[in-house]
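Here is how the chains run, residue by residue.
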Amino acid sequence: MRIEVMQHYGLDKPFTLADYLETDHAKQLSKHVKGAILEGRLIALCGIVGSGKTMLLRKLQDELREENRETVSKSQSVEKHRVTLETLIAALFYDLSPDKQKFKIPQREKRERDLSELVKKTKKPVVLFIDEAQDLNGNTLNGLKRLMEVIKDGGGLLSIVLVGKPRLKYVMNRGVMEEICFRVDVFDFDGMAGVQRRYIEWLLKDCGKRDALPGDMVTDEAVDLLAEKLRTPLQIQWHLTRALEAGYEAGEKPVSASVVESVLLKQIDDLEPTLKRMGFGVRDLAEQIEAKPAEIRALFDNQLDPARTTELREKMLRAGLPV
């Protein structure tokens, strides 16, 4: 956000630098995830793009470190579609090894034995966090399950938290992934769904100067419109920024509902962006409902034969996808 816009509306920082608002839903979810971690479970935490998974994840990891009941490890690889079991084992070795500058990962068989011994020596359960886990392939997911068993057989306890878009649970629920889907605890994170108005008011207060009032920045009607049309913190931050910039250009203070209406993305809830927020690209969706990628593109462009459109939408409904 431009500095002159922030000064005009009494903001101290842009919305992207806001602190974390912990809702009752987030508190309850963290409690359930912690319980599953202590049991040495395979956990999937799923939420759409922009729901606040990363902020929730950071807070959860910080709490686990402060409580000091578990040893926290996490994969920092940014190319999740290329991540293999070997990459994730390397992350565990790096985080658990006492001398991180000199450790060397042994070859297979000895690798698993040494890792098992490392986990046992921690004398605490170990939890490995993997973000963007919807991009992991089936072999890697199955390998993680077997790794947890090896660690348990060696007298240690390893929990794995897979964090990703909702496509993650659809991948695991496919018949070919039965080995995984019957052993995973799935938790859905809805972000600010249901409390959008509260989040907007909190956001304006958190980013505003001490004497700034939300009503001096945005009208109640404008807040109502944002809360009605938007769902995630990312959507709200982006649209509220655009609304304040547009209001500044129009000389409005507070920003009206008509200005907010002018910046709202018109196709935000269409089928394609909705599915992309869930992690489904064209090829992912085609694989999920057994269709051709060209058909999916035609469906998104409203150029598919009506009969085939109906058939594909019915397949999506059966798969539990929002259509």
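Refer to the structure printed above.
Throughout, a residue's number is its position along its own chain's written sequence, starting from 1. Whole-chain, interface and lining totals are the exception, using all residues; otherwise, since this is a predicted model, local features are given only for residues with pLDDT of at least 70 and side-chain atom pairs are given and counted only at 80 or more. To get the side-chain values, take all heavy atoms of the structure and skip hydrogens and water.

Asker: In this structure, what is going on with helix α17 (residues 306-318)? I would like to understand it.
Answerer: Residues spaced three or four apart along an α-helix face the same direction, because each turn holds 3.6 residues. Across its 13 residues, α17 extends 18 Å between first and last C-alpha, which sits within 8% of the 18 Å expected from 1.5 Å per residue. Throughout this description, buried means an accessible area under 20% of the type-specific maximum (1.4 Å probe, protein chains only), exposed means over 50%, and partly exposed covers the range between. Helix and strand definitions follow DSSP, with helices as H or I runs of at least four residues and strands as E runs of at least two, each counted in order from the N terminus. Buried residues of α17: Arg308, Thr309, Leu312 and Met316, and no others. Buried residues of α17, seen end-on, are gathered within an arc of 105° and therefore sit on one face of the element. Those residues of α17 that are exposed and aimed more than 90 degrees away from the buried face are Pro306, Ala307, Leu317 and Arg318. Looking at the buried side of α17, the elements it contacts are α14 (271-277), α15 (282-289) and α16 (293-300). Residues adjacent in sequence count toward polar contacts only when both atoms are side-chain atoms; beyond that, a polar contact is any pair of N or O atoms within 3.5 Å, and within protein one must be able to donate a hydrogen and the other to accept it. The N-cap of α17, judged by a side-chain oxygen 3.0 Å from the amide nitrogen of Ala307 a few residues on, is Asp305. Once α17 finishes, Gly320 follows within two positions and takes phi at roughly 85°, a positive value. Multiply 1.5 Å by the residue count of a helix minus one, and that product is the helix's expected span. Our arc is simply the arc of the directions from the helix axis toward the C-beta atoms. Contact criterion: two residues are considered in contact whenever any of their non-hydrogen atoms come within 4.5 Å of each other.

Asker: What is the right way to look at the pairing of strand β4 (residues 158-164) in this model?
Answerer: Along any regular strand, the residues point their side chains to alternate faces of the sheet. Of all seven residues in β4, seven are buried, a share of seventy percent or more. Going residue by residue along β4, you find Leu158, Ile160, Leu162 and Gly164 tucked away on one face and Ser159, Val161 and Val163 tucked away on the opposite face as well. Where strand β1 (residues 42-46) and β4 come together, five bridges link them in parallel fashion. For Leu45, the partnering residue across the bridge sits in β4 and is Val163. Bridge count for strand β3 (residues 126-130) against β4 is five bridges, and the pairing is parallel. Bridge pairing in β4 links Phe129 to Val161. Only when DSSP finds a minimum of two bridges between them are two strands counted as paired.

Asker: How should I be thinking about the layout of surface pockets in this particular structure?
Answerer: A probe matching the size of a water molecule, rolled over the atoms, marks out where space remains unfilled. Considered as a void within the structure, the largest pocket measures approximately 600 Å³ in volume. Looking at the largest pocket, it is lined by 30 residues, and the ones nearest its centre are Gly52, Met55, Pro233, Leu234 and Gln237. Residue assignment for the lining of the largest pocket shows that the elements contributing at least two residues are α3 (53-67), α9 (196-207) and α12 (233-250). When the residues that make up the lining of the largest pocket are grouped by side-chain class, the tally is 16 nonpolar, seven polar and seven charged. A pocket here means an open set of points on a 1 Å grid, computed over the protein atoms alone, that has protein on both sides within 12 Å along at least five of seven lines. A cavity is instead a set of points where a 1.4 Å probe fits but cannot get out; residues with an atom within 4 Å of a point line either one. Grid points are joined across faces, edges and corners, and a volume is the space filled by probe spheres set on the points. Considering only enclosed or pocket space, the second largest pocket measures out at about 340 Å³ in volume. Lining the second largest pocket are 20 residues, and of these Ile48, Pro166, Arg231, Met278 and Pro322 sit closest to its centre. At the level of elements, α7 (167-172) and α14 are the ones that each hand at least two residues to the lining of the second largest pocket. Each residue gets one of three labels, nonpolar for Ala, Val, Leu, Ile, Met, Phe, Trp, Tyr, Cys and Pro, charged for Asp, Glu, Lys and Arg, and polar for the others, Gly among them.

Asker: I'm lost on the sheet that holds strand β5 (residues 184-188) in this one. Help?
Answerer: Each strand in a sheet pairs with its neighbour through backbone hydrogen bonds, running either in the same direction (parallel) or in the opposite one (antiparallel). With parallel pairing, the five strands of this open sheet are ordered in space as β2-β3-β4-β1-β5. Among the strands making up the open sheet, the edge pair consists of β2 (71-74) and β5. On average, adjacent strands in this sheet sit at an angle of 20° to one another, irrespective of strand direction. Every axis corresponds to a line fitted to the C-alpha atoms, with the helix fit spanning only the stretch in contact, and the corresponding angles, defined between N-to-C directions, vary from 0 to 180 degrees.

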